[in-house]
Amino acid sequence: MKALRTFLAIGVVVAVLEWSYVGSAGTNMPPVRLSIPYVVSRNDAVQDMLWMANVGKDDVVYDLGSGDGRIVIAAVHDFSARRAVGIEMAPERIRQSRENAQKAGVTDRVEFIHGDLFTNDFRQASVITLFLGHQPNIKLRTKMLSILKPGTRIVSHQFNMGEWQPDKTQTVRTVYFGMYGTIFSPFSENLCVPDYTGNELDPYEGDRIFMWVVPAPVAGIWRAVVETAQGQQNLQLTLHQRLSKVSGRFQLSGKTSLEGHANVDLWGNHMRFWCTPAGMPYGQLELRFDGHVHGNTMKGTLAVRDRGDLSQSQWQAQRDKVDYTGTWEWSCATGTRSVRLRIEQHDGHLIATYLDRDQALPVTDFYDFGGGFYFTLLIGRKANSVRMTEDTGWLIGKGLLENGQLKGTIEFYPYGDMPDMAGERKTSQAVIRDWAPRLIKP
Ligand SMILES: C[S@@+](CC[C@H](N)C(=O)[O-])C[C@H]1O[C@@H](n2cnc3c(N)ncnc32)[C@H](O)[C@@H]1O
């Protein structure tokens, strides 16, 4: 059954991944070569996408690759969005969208930009809609996370964002027809890497709609004072961030010295955490926070339960300011040589480059999360080629600066062999290690 499904999926993929050409009707532009075909979202899927993003009167909706304009028009017409904008490369689709907006009587609240969705600005959006493909989604996510405000909702029809797990998912029963895609990767079922497509396509189940909320950058070391039955204690919260997933540890020090995991839940800049010290009976001491993060300040309500007594107060914590620019060196996964990550400031943003022997690879998927960062990088594999070396695979890192030392995790997922037509995959072992690279240049 699995082989049959894989075969069917491959058949559909071949059909949709053909390059499409768009004529230059009505413009002086030469024909444009598109890798993302024109397939409309069915109207019920459009309604579901806008409903899932909870679009309302304060929203500015951008549809990237807007086709005939149906999502843009429905956003203002059916969901009362303040404004909606489509960015579309094909001139014929732009003409059609403007006609459709005229017919719907919404021309004053919609705009169609004839241009490239990868280079046009969409930072004004409070909601982004996508029906593009897995690779375009991955290509877009770094830009979306760096320019969109925390709390912005991103909805994608059918395609996910790799290991960035959606906050909401919906399956719509339908005959399988429309746009499907997959990438041939041994990691399509591996939730740790951007190749993950496991939840995208199952023609027997139907179309998927995914929604993500852009997370605030919260990684780093946070400090505050907490009132407990033993008096004031110092709290240190160490948070790592991997897209929307935040994990961490806490330490309480003063009259007592306690530590344990911090369980963190983040939606936009709304953060909640819950800390209970390791080794203590459940309920003896716990801290529960519910509030918001603005820059380097976290503010909200802290509830402290200490041996049955519950106190609740307005509370705030501050994040240490850090600078992790410089060149960081560590021993690569095979242990055969040193490799480096250079992090530098460029136009007010951090950019990173991976350095291995004489190679310098830009880390295009690099996320600065305030006091820490996360990156993914496919190394060793030449574009459009299946030539592999022992180093070919995903390198994934997260780190934060603690007392001048970068600390985190480095993961390497070697590609091994490509899957065969029956979907059989050979994967080599992943290497997951604690990471403490040395700073070799200030
Ligand atoms: C699958 S259709 C989706 C249309 C519409 N969003 C919907 O869901 O009904 C993708 C659209 O993206 C457009 N497109 C492809 N590459 C583009 C690019 N680089 N910039 C802007 N539009 C692009 C195509 O012309 C096509 O209309």
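Residue positions within a chain follow its written sequence, with the count starting from 1. Two thresholds apply to this predicted model, a pLDDT of at least 70 for residue-level local features and 80 or more for giving and counting side-chain atom pairs, whereas whole-chain, interface and lining totals are computed over all residues. Side-chain measures here rest on the full set of heavy atoms in the structure, leaving out hydrogens and waters.

J.: For this particular structure, what's the right way to read the packing of helix α2 (residues 43-52) against helix α3 (residues 70-77)?
T.: A pair of packed helices is captured by two measures, namely the crossing angle of their axes and the spacing between those axes. Only the stretch in contact is used when a helix axis is fitted, and all axes are lines through C-alpha atoms; the angle between N-to-C directions ranges over 0 to 180 degrees. Only DSSP runs of H or I covering at least 4 residues are called helices, and only runs of E covering at least 2 are called strands; the numbering of each starts at the N terminus. One can describe the packing of α2 onto α3 by two numbers: an axis separation of 10 Å at closest approach and a directional angle of 55°. Compared by their axis directions, α2 and α3 come out oblique. With respect to the hand of their crossing, α2 and α3 are arranged in right-handed fashion. Residue-level contacts link Asn 43, Val 46, Gln 47, Met 49 and Leu 50 of α2 to Arg 70, Ile 71, Ala 74 and Ala 75 of α3. An angle below 35 degrees is read as roughly parallel, one above 145 as roughly antiparallel, one from 65 to 115 as roughly perpendicular, and any other as oblique. Crossing handedness: left-handed means the near helix sits turned counterclockwise from the far one by under a right angle, and right-handed means the same turn made clockwise. In what follows, residue pairs with any heavy atoms lying within 4.5 Å of each other are defined as contacts.

J.: When you look at the site of the ligand in this model, what are you seeing that I'm missing?
T.: Around the ligand sit 21 residues, and of these Ser 41, Asp 63, Gly 65, Glu 88 and Asp 116 come closest. In the model, a nitrogen atom of the ligand is placed 2.9 Å from a nitrogen or oxygen of the Asp 116 side chain. To measure how exposed things are, a 1.4 Å probe is used in the Shrake-Rupley method; for residues, cover is taken only from the protein chains shown. Isolated, the ligand exposes 590 Å² of accessible area, and the fraction of that covered by the protein chains is 98%. Being near a molecule or strand, for a residue, comes down to having at least one heavy atom within 4 Å of it. Pairs of N or O atoms are called polar contacts if they sit within 3.5 Å, as long as, within protein, a hydrogen donor faces a hydrogen acceptor (for residues adjacent in sequence, only side-chain-to-side-chain pairs).

J.: Sorry, what's going on with the layout of surface pockets here?
T.: To find leftover empty space, one rolls a probe the size of a water molecule over the atoms. Grid points spaced at 1 Å and placed over the protein atoms alone form the basis of the search, with a cavity being a set where a 1.4 Å probe fits but cannot get out and a pocket an open set showing protein on both sides within 12 Å along at least five of seven lines. Lining residues have an atom within 4 Å of a point. Grid points are joined across faces, edges and corners, and a volume is the space filled by probe spheres set on the points. Volume-wise, the second largest pocket comes out at about 920 Å³. In terms of lining residues, the second largest pocket is bounded by 40 residues, among which Ser 146, His 349, Leu 350, Phe 366 and Asp 368 are the most central. Of all the secondary-structure elements, those providing two or more residues to the lining of the second largest pocket are α5 (134-147), β15 (285-294), β20 (349-356) and β22 (365-368). All residues other than Ala, Val, Leu, Ile, Met, Phe, Trp, Tyr, Cys, Pro, Asp, Glu, Lys and Arg, Gly among them, are scored as polar; the first ten of these are nonpolar and the last four charged. Class assignment for the residues of the lining of the second largest pocket results in 19 nonpolar, 14 polar and seven charged.

J.: Would you mind going over α2 with me for this structure?
T.: Given 3.6 residues per turn, any residue in an α-helix points the same way as the ones three and four places further on. Listed as buried for α2 are Ala 45, Val 46, Asp 48, Met 49, Leu 50 and Met 52. For α2, the secondary structure elements touched by its buried residues are β3 (60-64), α3, β6 (127-130), β7 (153-157), β8 (168-172) and β9 (207-213). Looking one or two residues past α2, Asn 54 carries a phi angle of roughly 55°, positive in sign. To sort residues, take the accessible area from a 1.4 Å probe on protein chains only and compare it with the maximum for the residue type: under 20% means buried, over 50% means exposed, and anything in between is partly exposed.

J.: Hey, could you run me through the pairing of strand β10 (residues 220-228) in this one?
T.: Walk down a regular strand and you will see the side chains alternate between the two sheet faces. Bridge analysis of β10 against strand β11 (residues 231-242) gives nine bridges, and the strand direction is antiparallel. Looking at the pairing, Val 226 lines up with Gln 233 of β11. Pairing between strands is defined by DSSP: at least two bridges between them are needed.

J.: Looking at this structure, how should I read the sheet that holds strand β23 (residues 372-379)?
T.: Strand order in the open sheet formed by five strands is β22-β23-β24-β25-β26, with antiparallel pairing between adjacent strands. Strand pairing shows two members of the sheet lacking a second neighbour, β22 and β26 (431-435), which therefore form its edges. In this sheet, adjacent strand axes meet at a mean angle of 10° when their direction is disregarded. Bridging between strand β25 (residues 405-414) and β26 involves five bridges; their strand directions are antiparallel. Among the inter-strand pairings, Ile 410 is bridged to a residue of β26, identified as Arg 433. Taken strand by strand, α5 contacts β22 and β23, and its axis lies near 15° from that of β22.

J.: Could you clarify how one ought to interpret empty space enclosed by the protein in this entry?
T.: In total, this model carries one cavity of 30 Å³ or more according to the counting rule given. The wall of the largest cavity is formed by 17 residues, among which Cys 332, Ala 333, Tyr 354, Leu 395 and Phe 412 lie closest to the centre. Counting only elements with at least two residues in the lining of the largest cavity, the list comes to β18 (326-331), β20, β25 and β26. Counting residues per element, the lining of the largest cavity draws most heavily on β25, at three residues.

J.: How should the environment of Leu 252 be read in this particular structure?
T.: As for its position among the elements, Leu 252 is in strand β12 (residues 245-253). Overall, the relative accessible area of 1% leaves Leu 252 in the buried class. What Leu 252 contacts, discounting residues up to four positions off in sequence, is Val 226, Gln 233, Asn 234, Leu 235, Ser 257, Leu 258 and Leu 285.

J.: Help me understand the confidence of the model for the protein chain in this model?
T.: Low-pLDDT portions of the prediction should not be read for the details of their coordinates. When pLDDT is averaged across the protein chain, the result is 86; 83% of the residues are at 70 or more. Residue-level confidence of the predictor is summarised by pLDDT, bounded by 0 at the bottom and 100 at the top. Per-residue pLDDT stays below 50 along residues 1-34; that stretch engages in 47 contacts with residues further than four places along the chain or on separate chains.

J.: Before we go on, may I ask you to explain the sheet that holds β9 in this structure?
T.: Two pairing modes exist for strands in a sheet, parallel and antiparallel, and in both the strands are linked by backbone hydrogen bonds. In space, the seven strands of this open sheet follow the order β5-β4-β3-β6-β7-β9-β8, with mixed pairing throughout. The open sheet has two edge strands with one neighbour each: β5 (110-114) and β8. Strand-to-strand, the axes of this sheet are offset by a mean angle of 15°, without reference to chain direction. As paired strands, β7 and β9 are joined by five bridges and run antiparallel to one another. Bridge pairing links Val 155 to Met 211 in β9. Lying on the sheet, α3 is in contact with β3, β4 (83-88), β5 and β6; it crosses β4 at an angle near 180°. Helix α4 (residues 91-104) rests against β4 and β5 of the sheet, and its axis sits at about 170° to β5.

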